[in-house]
Amino acid sequence: MNTVPGRRTRVLTATAAVAGLLLAAGCSSGDDGGKKATAKGVPLVKAGQITTCTHLPYPPFQSEIDGKVQGFDVSLVDLVAHDLGVKQAIVDTPFENFKTGAFLNSGQCDLAAAGMTITEERKKNVDFSDPYFEATQAVLVSKKSGLTSLADVKSKGKKLGAQAQTTGEDYARKQGFDPVSFESSDAVLNGLRTGQVQAVVIDYPVVQGWLKDKANADAFEIADNINTGEQYGFTVKKGNSKLLAAVNKALAGAKADGTYKKLYEKWIGPYDESAASPSSSASASAS
C-alpha cells in the first residue's frame, strides 16, 4: 500500500452481501452522551458502527465500485460488524498511518483493513488479527517486452516500478533495484501502460484483478511470481483485546462455515486452500 502526503481523509460507504444480509455501512454521529460506545462489550469509536481505516484504491481488497467501497477486506470486516450488531463505516486515509497506528491511537478508527502484511516492525505499534490471506508478489510486463523474470528485468537494465511504502518496493530494493515509486496501485499500472517502467512488482491478487480486464489481459502478462511468505492481517489499537477477539472469531467462523471460501472466490479468484489456513510462522514484509 502507499502513502499520499497531505491527502484528506474521506468517510465512505461500504457494502457487502453477507449470509443473505445486506450490510450498508454508513456514518453515525457517535453521540453517546459522553458514555463510551460499545457493542456486545466491545469498545467502539462511535456508537452503532465499526469505523474502518483503509487506503484506496487497492482492488480486489477495497475499491470504490458503483459509488460504494467494496472488496475482500470490506466483506470480511462486514462479518465482524454483523456479529456485533453494528454497521461498518470506512475512512480513506494515507497508508503511512497504518504503519504507526496513528488513526487507531487517535480514536479516529476502530481497526485498519488495507491488504496489510503482518510484520514484526508493525507489531510494535499495532495489534494484528490472525492472518486472513497468503500473498505473493507478481512481476507484470508488457507481452511485447520479451522479459521473462525479475532477474531478466535486472540483467537487461529495465526500469521496475512498485507501489510506494509496500513490501513489493522493499523486495525490489533488496534485489538491487532502484524502483520507480508510484503512489497508488492505479498509478503503478498506468506507469507500465505509458512506458514509464518496463515491469512492475506488486501483490499478485492486485495483478489478478487487473488481468480480469480484457484490454489489460491482451497487453500484459505475468513474468514472475515470487513467494515472499507474506500474510495479511487486520489491525487494532494496541491492547484492544476485545475487538481483536471479535475479529478473530469472525474470521474463524467464516473459514469454518464456508463464507470465507465464497468471498475469496468472489473477490480473489479460484479458491486456494492455503489462503484459509495460513501457517503462523510467516510474517515477512508488507503491502
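Cut-offs and rules
Residues numbered from 1 in each chain as written. Predicted model: local features only at pLDDT ≥ 70, side-chain atom pairs only at ≥ 80, totals over all residues. Heavy atoms only, no water. Helix = DSSP H or I, 4+ residues; strand = E, 2+ residues; numbered from the N terminus. Buried < 20%, exposed > 50% of the residue type's maximum accessible area, 1.4 Å probe, protein only. Areas by Shrake-Rupley, 256 points an atom, 1.4 Å probe, with all protein chains shown as cover. Polar contact = N/O pair within 3.5 Å; in protein donor to acceptor, adjacent residues only side chain to side chain. Salt bridge = Lys/Arg side-chain N within 4 Å of Asp/Glu carboxyl O. Phe/Tyr/Trp six-rings, centres within 6.5 Å; stacked < 30°, edge-to-face > 60°. Lys NZ or Arg CZ within 6 Å of the ring centre and 35° of its normal. Pairing = 2+ DSSP bridges. Axes fitted to C-alpha atoms, helices over the stretch in contact; angles between N-to-C directions. pLDDT = per-residue confidence, 0-100. Contact = heavy atoms within 4.5 Å.

Along the protein chain, the regular secondary structure elements total 12 helices and 16 strands. Among the 287 residues that make up the protein chain, the fraction classed as buried is 53%. Surface accessibility of the protein chain: about 12,100 Å² in total, with carbon and sulfur atoms responsible for 50%.

Here glutamine 70 lies in strand 7 (residues 68–70). A polar contact of 3.1 Å, which involves the side chain of glutamine 70, links it to the backbone oxygen of isoleucine 65.

Applying the stated criterion across every chain yields a total of 8 salt bridges. As a salt-bridge pair, arginine 173 and glutamate 169 come within 3.5 Å of each other at their nearest N and O atoms. Residue arginine 173 and its partner glutamate 169 are both found in helix 6 (residues 167–174); the two are separated by 4 residues, about one turn of the helix. Across the pair lysine 214 and aspartate 218 runs a salt bridge whose closest N-O atoms are separated by 2.8 Å. Taken as a pair, lysine 214 and aspartate 218 lie in helix 9 (residues 214–219) at a separation of 4 residues, close to a single helical turn. For aspartate 218, a relative accessible area of 47% puts it in the partly exposed group.

Quick look at the packing of aromatic side chains now. Here the structure, examined in full by the defined rule, presents 13 aromatic pairs. With a centroid separation of 5.9 Å and an interplanar angle of 35°, the aromatic rings of phenylalanine 133 and tyrosine 264 are classed as tilted. Of this pair, phenylalanine 133 sits in strand 11 (residues 133–142) while tyrosine 264 sits in helix 11 (residues 259–267), and the two are 131 residues apart along the sequence. Across this residue pair, the class does not change: phenylalanine 133 and tyrosine 264 are buried. Chaining the aromatic ring pairs together yields one cluster made of Tyr58, Phe61, Phe72, Tyr132, Phe133, Tyr232, Phe234, Tyr260 and Tyr264. Sitting over the ring of tyrosine 260, lysine 255 keeps its end group 5.7 Å from the ring centre.

It is worth spelling out the pairing of strand 5 (residues 49–54) at this point. The element strand 5 is extensively covered by neighbouring structure, given that 6 of its 6 residues are classed as buried. Judged by which residues are buried, strand 5 turns out to be covered on both faces: Gln49, Thr51 and Cys53 on one side and Ile50, Thr52 and Thr54 on the other are all buried. Across 6 bridges, the pairing between strand 5 and strand 8 (residues 87–92) is parallel. Pairing of threonine 51 across the sheet is with alanine 89, part of strand 8.

To continue, consider the sheet that holds strand 15 (residues 220–232). Spatially, the 5 strands line up as an open sheet ordered 13-12-14-11-15, and their pairing is mixed. With one partner strand each, in any of the chains shown, strand 13 (180–182) and strand 15 form the two edges of the open sheet. Across the sheet, the mean angle from the axis of one strand to that of its neighbour is 25°, orientation sign disregarded. As paired strands, strand 12 (residues 160–163) and strand 14 (residues 199–203) are joined by 3 bridges and run parallel to one another. What sits directly across from glycine 161, in strand 14, is valine 200.

The predicted model of the protein chain averages 84 in pLDDT, with 82% of residues at 70 or higher. Counted against residues more than four places away or in other chains, residues 13–34, with its pLDDT under 50, gives 46 contacts. A low-confidence stretch, residues 278–286 stays under pLDDT 50, and its non-local contacts, those more than four residues away or across chains, total 31 contacts.

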